[in-house]
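# Commentary on secondary and tertiary structure
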Amino acid sequence: MNAVEIEAAVSDLASQPFDGEEFPFAFLAAFGNKKTTIDRLRKGNTNASDVPNGVLQRNNIHVATCQPGAVSETLNALRASPKTTTAKAKFILATDGRTLEAEDLVSGETIAPDYRNFADHFGFFLPLAGISTIKEIKDNPIDVRATGRLNKLYVELLKDNPDWATEERRHDMNHFMARLIFCFFAEDTGIFKETGLFTRTVDQMSERDAANTHEVIGTIFHAMNLSATQRNADKPPAWADAFPYVNGGLFSGSIDVPRFSRMARTFLLHSGQLNWREINPDIFGSMIQAVADEGERGALGMHYTSVPNILKVLNPLLLDELREQLNAAGDNPRILLNLRRRMAKTRVFDPACGSGNFLVIAYKQMRQIEAEINQRRGEPGLKTEIPLTNFRGIELLSFPAEIARLALIIAEYQCDVQYRGQRQALAEFLPLNAMNWITCGNALRLDWLSLCPPTGNQVKMVANDLFHTPLDQPEIDFDNEGGETYICGNPPYLGSTWQSEEQKADLKAIFNARSKSWKSLDYVAGWFMKAADYGTKTDAASAFVSTNSICQGQQVPILWPLIFDTGHEIQFAHTSFKWANLASHNAGVTVAIVGISRNAGTTRRLYSEANGQSDGNLQIKVADNINAYLVPGPNVIVERASKPLSALSEMSFGNKPVDGGHLLLSKNETNKLGLSTQQRTRFLRRIYGSAEFIRGLERYCLWIEDKHLDEAMGIEPIRQRIEGVRAIRLASRDKSANEMATRAHQMREMNISQNWTITVPRTSSESRPLLPSGLIDSRSTVTSEAFALFDAPLWNMAIIASRIHLVWIATVCGKMKTDFRYSNTLGWNTFPVPLLTEQNKIDLTRCAENILLAREAHFPATIADLYVADSMPENLRRAHEQNDEVLERIYIGRRFRNDTERLEKLFDLYTKMTAVPSPTRNTRKTAQ
């Protein structure tokens, strides 16, 4: 369930008559618990509560109902219950149907509303559904409720008006919804003369069966498009004449309204009964954008991006500097005036604006700074000099684009109320200005300079009013000569595998003339390149949220030299963290924020969070330069190397079968061969790929040396498999595979150790705290899904198993989906290691042995069992800690403070190693 669905379920529960016996189960159902889970609790199978009338769900909540007046006493009993502690309950809740008290046992926060109002606090309980609590949602549920109500209305209207769901009428439907949102907001904020005017008029003037609801609404809309002069001629009904002239194109054009069913009319009236005065345009806008997209409707409310996350972009991009100048100005009226004039000419441009939340937050933050300036200058209540038209956007879909315009209008009104007072805000709000500053279109195809030119006071636009996009493209006043431009946003990421043909064509149009490897780029790379091109014509600075993959692995040498060639450098960056949304049990996508500029200055800032989460403790490192891997240091690009740059053993690919599966066998298949003990020893080997090594799966291969081929061919099941390999290779279009058909009894490579093999899987989950690696014996070998160090000294494993090596691999090799993707040429051969003394090697060998012994103590647990971050055995954790301690002291004489410091040291070493001829490098070695 998403937050909108949960709010609806909780509101429904709160509105029903209280049933003390049923309440705990209904409450859990409202937060997405399955019927089978609730049935087990109801039967007592999983309910370990020791409180009367209590229900205890492990790792979640301990809830109890009680007699009237005993709520506080019952909550105390829940808090003191040993079962609450042992079951690791996150919440306790007690209610008697009149009042309700609850406590978040993690934060200590409490609530104590009347029972009928407890749905107002649904956000307090969202962690019960696996949804990270976001302060704005928890404190103000109106945005979630409004989204839910409008979604019900939208779906019901399409059910009764299927033609409005077609492509031809989609814009009309979206326009209608935008008009409704404006009316709901206007009737609760004084913009309409009477509170509740729109909802009350529809209720009074339309029939209960909704037969004429569309006509009533159409008449109201028509009236709001009539100026005073027009009204004298048109003479709308008296009940419609009460509505003001709005203008701005919001109610111009067609006033066609979809027909309403009785249910749709009810949904509309319920929507109007909410208190729209409290709406947050940045929250509501981003939550509602899924309403008009059938494919996205299941994700309703999940698109919300928290204000703190948006400020991770906006603060270092422009707001921090504005606040610093404000602080430096003190009460100096001249300096304050210059700062205000500067902000009046500052443009914020989001070329992937969605419903406008980045623009709304930027506008609200700048109005706050302007209000402080006015206060210090003794000019409180002064009309703002910051025009909405300075907050420009491009959005592909029409409904979010319309909501973005509306959200900015609402934000402007709310700021006017806050900083100038209700009377002044109302006096100047209507009629709306007809200028359009949000463009609906494909940002990667449009000319950004024409939509947001670097100089001049006129702008060519794609529309001439708030909500229409005619072919005529008039120019509008845009008086900001000499102003600054800041580009920001959260563009669509989309790795190459998931891009549509149209999206691939978008990237081709941008990159085809610049790079032959552009097809490997994420879709977001197009925004970075367009921003860099834009920045060559103006001094704009840009910052985008992006998947961290554009700063890792193969995308770095493709994209970033092109960015740097335009003269741009990385001005600031926020290293990888989870960009969570309001989806249930959402893990969030791992993102980075990168800011680029041609005037990056001499001080660059690198932001990181200790726990990798969006609510972590922020750390700031000041650097002279930040490279494309988001590491302090020169703009170095890590290139593949055929041999290790450091004195490491050579790492090879495992053996590639090219066999159609005929040379590889399960344990059961080996039994069907009917081999003697001697033949099993002669013809079979245990073989490991990534899955076999990590999960302990048993797999075998035919291992036939030339001298034993005749004997093997005499064993019919083996002969059939060899002939199967031959047929596969001869049928291949690969010439080398055809040539291998003459050796159909063998894999392409036949590498095996004399003593042992250190192996590393090619893919490994990012959830593991370390890279899996280990030893296999000389009777076993590896497939091409793993890498091998044949007969290498054991200290090599200590390096592979270290935190510092994992950080390097994650950065320079990148990932496949969310898994680490190991590479010997890009990850191992480039890995910088200081010159190791013999004592260093002895110490690291002992560390590797300790890791292996710690694993052995938990036999038969697999790597997958042992390397789970939250449940890693303590002895194994200590062995790895000791390994990291020993290795990192070799680098800097102490443990590194964080991953940023690790990477900084590694890139420094890499730069030095590639700048001078490297010393003699170890190749394949025997065990020491």
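In what follows, the accompanying structure is described. (Residues numbered from 1 in each chain as written. Predicted model: local features only at pLDDT ≥ 70, side-chain atom pairs only at ≥ 80, totals over all residues. Heavy atoms only, no water.)

Turning our attention to the overall build of the chain. For the chain, the helix and strand inventory stands at 36 helices and 27 strands. At 33 Å, the chain has a C-alpha radius of gyration in line with the 30 Å of a compact globule built from 928 residues. Across the 928 residues of the chain, 55% fall into the buried class. Contacts spanning at least 24 positions in sequence make up 70% of the contacts within the chain whose residues lie at least 6 apart. Carbon together with sulfur atoms contributes 48% to the accessible area of the chain, which is approximately 38,800 Å² in total. The averaged location of the 108 negative side-chain charges in the chain is 5 Å from the averaged location of its 104 positive side-chain charges. (Helix = DSSP H or I, 4+ residues; strand = E, 2+ residues; numbered from the N terminus. Rg over C-alpha atoms; globule rule 2.2 N^0.38 Å. Buried < 20%, exposed > 50% of the residue type's maximum accessible area, 1.4 Å probe, protein only. Contact = heavy atoms within 4.5 Å. Areas by Shrake-Rupley, 256 points an atom, 1.4 Å probe, with all protein chains shown as cover. Lys, Arg positive; Asp, Glu negative; His and termini not counted. Charge placed at Lys NZ, Arg CZ, Asp CG, Glu CD.)

This paragraph deals with unusual backbone geometry. The omega angle of the peptide bond from Leu 430 to Pro 431 is -5°, so this bond is cis rather than trans. On the secondary structure map, Pro 431 appears in the loop between helix H19 (422-429) and strand S8 (438-440). Following Phe 859, the chain continues into Pro 860 via a peptide bond in cis, with omega recorded as 10°. Along the chain, Pro 860 falls in the loop between helix H33 (838-856) and helix H34 (863-866). Unusually for a residue other than glycine, Lys 235 sits at a positive phi of about 50°. Mapped onto the elements of the fold, Lys 235 is located in the loop between helix H11 (228-234) and helix H12 (238-241).

Further remarks concern the side chain of Ser 261. On the secondary structure map, Ser 261 appears in the loop between H12 and helix H13 (262-272). Ignoring sequence-local partners within four residues, the contact set of Ser 261 consists of Glu 156, Asp 160 and Ala 210.

On to the sheet that holds strand S21 (residues 756-761). One open sheet holds the four strands; their spatial order is S17-S25-S21-S23, and the pairing between them is antiparallel. Each having just a single partner strand, strand S17 (652-653) and strand S23 (774-777) make up the two edges of the open sheet. Across two bridges, S17 lies against strand S25 (residues 786-790) in antiparallel orientation. Bridging across to S25, Phe 653 finds its partner in Phe 787. (Pairing = 2+ DSSP bridges.)

Here we take up the nonpolar core. In this structure, Trp 448, Phe 511 and Trp 560 are the most contacted members of the largest nonpolar core, which totals 110 residues. Dropping the residues within four chain positions of it, Phe 511 is found in contact with Trp 518, Leu 521, Ala 525, Gly 526, Met 529, Leu 559 and Leu 562. Counting residues in each nonpolar core, the second largest holds 104 residues, with Ala 210, Leu 274, Ile 373 and Cys 415 among its members. (Core = buried A, V, L, I, M, F, W, Y, C linked by side-chain atoms within 4.5 Å.)

With that settled, the discussion passes to the pattern of salt bridges. Under the counting rule described, the total for this entry stands at 52 salt bridges. In this structure, Asp 203 and Arg 208 form a salt bridge, with 3.8 Å as the shortest nitrogen-oxygen distance. By relative accessible area, which is 30% here, Asp 203 ends up partly exposed. One network of salt bridges, in which partners are shared, links Arg 803, Glu 881, Glu 888, Arg 895, Asp 899 and Arg 902. (Salt bridge = Lys/Arg side-chain N within 4 Å of Asp/Glu carboxyl O.)

What follows covers the environment of Ala 741. Tracing the backbone shows Ala 741 in the loop between helix H29 (735-740) and S21. The buried category is assigned to Ala 741, whose relative accessible area is 4%. The spacing of Ala 741 and Glu 723 is 18 residues in sequence and 9.3 Å in space, taken between C-alpha atoms.

Here we take up the packing of helix H15 (residues 307-329) against helix H17 (residues 357-376). For the pair H15 and H17, interaxial distance at closest approach is 10 Å and the crossing angle is 25°. Relative to H17, H15 is oriented roughly parallel. In the crossing of H15 with H17, the sense of the turn from one axis to the other is right-handed. Contact residues: H15 offers Val 307, Ile 310, Leu 311, Val 313, Leu 314, Leu 318, Leu 319, Leu 322, Arg 323, Leu 326 and Asn 327, while H17 offers Asn 357, Phe 358, Ile 361, Ala 362, Gln 365, Met 366, Ile 369, Glu 372, Ile 373 and Arg 376. The residue makeup of the contact of H15 with H17, split by class, is 15 nonpolar, three polar and three charged. (Axes fitted to C-alpha atoms, helices over the stretch in contact; angles between N-to-C directions. Parallel < 35°, antiparallel > 145°, perpendicular 65-115°, else oblique. Left-handed = near helix turned anticlockwise from the far one by under 90°. Nonpolar A, V, L, I, M, F, W, Y, C, P; charged D, E, K, R; others polar.)

Looking now at the packing of helix H7 (residues 142-160) against helix H8 (residues 170-189). Here H7 crosses H8 at 145°, and the two axes come no closer than 12 Å. Of the two possible hands of crossing, H7 and H8 adopt the one that is right-handed. Contact residues: H7 offers Leu 150, Leu 153, Tyr 154, Leu 157 and Leu 158, while H8 offers Met 173, Asn 174, Phe 176, Met 177, Leu 180, Ile 181 and Phe 184. Grouping the constituent residues of the contact of H7 with H8 by class yields eleven nonpolar, one polar and no charged.

Okay, the sheet that holds strand S5 (residues 110-111) next. Judged by pairing direction, the sheet is mixed, and its five strands sit side by side in the order S1-S2-S3-S4-S5 without closing on themselves. For this open sheet the edge positions go to strand S1 (54-57) and S5, each flanked by a neighbour on one side alone. Pairing geometry for strand S3 (residues 91-95) and strand S4 (residues 100-104), over five bridges, is antiparallel. Looking at the pairing, Thr 95 lines up with Leu 100 of S4. Its contacts with the sheet place helix H4 (residues 71-80) against strand S2 (61-65), S3 and S4, and it is angled at close to 155° to S3.

We now examine the packing of aromatic side chains. One pass over the full model with this rule turns up 38 aromatic pairs. Judged by centre distance (6.1 Å) and plane angle (75°), the ring pair of Phe 23 and Phe 118 falls under edge-to-face. With Phe 23 in helix H2 (residues 23-30) and Phe 118 in the loop between S5 and helix H6 (135-139), this pair connects stretches of sequence that are 95 residues apart. Its relative accessible area of 2% is what places Phe 23 among the buried residues. (Phe/Tyr/Trp six-rings, centres within 6.5 Å; stacked < 30°, edge-to-face > 60°.)

Covered by surrounding structure in S1 are Gly 54 and Leu 56 together with Val 55 and Gln 57, the residues of both alternating faces. As defined by bridge partners, S1 adjoins S2 across four bridges and the pair is classed as antiparallel. Within S2, the position partnered with Val 55 by the bridge is Val 63. Counting the residues between successive antiparallel strands, the hairpin from S1 to S2 contains three residues, one of them, Asn 59, with a positive phi of roughly 65°.

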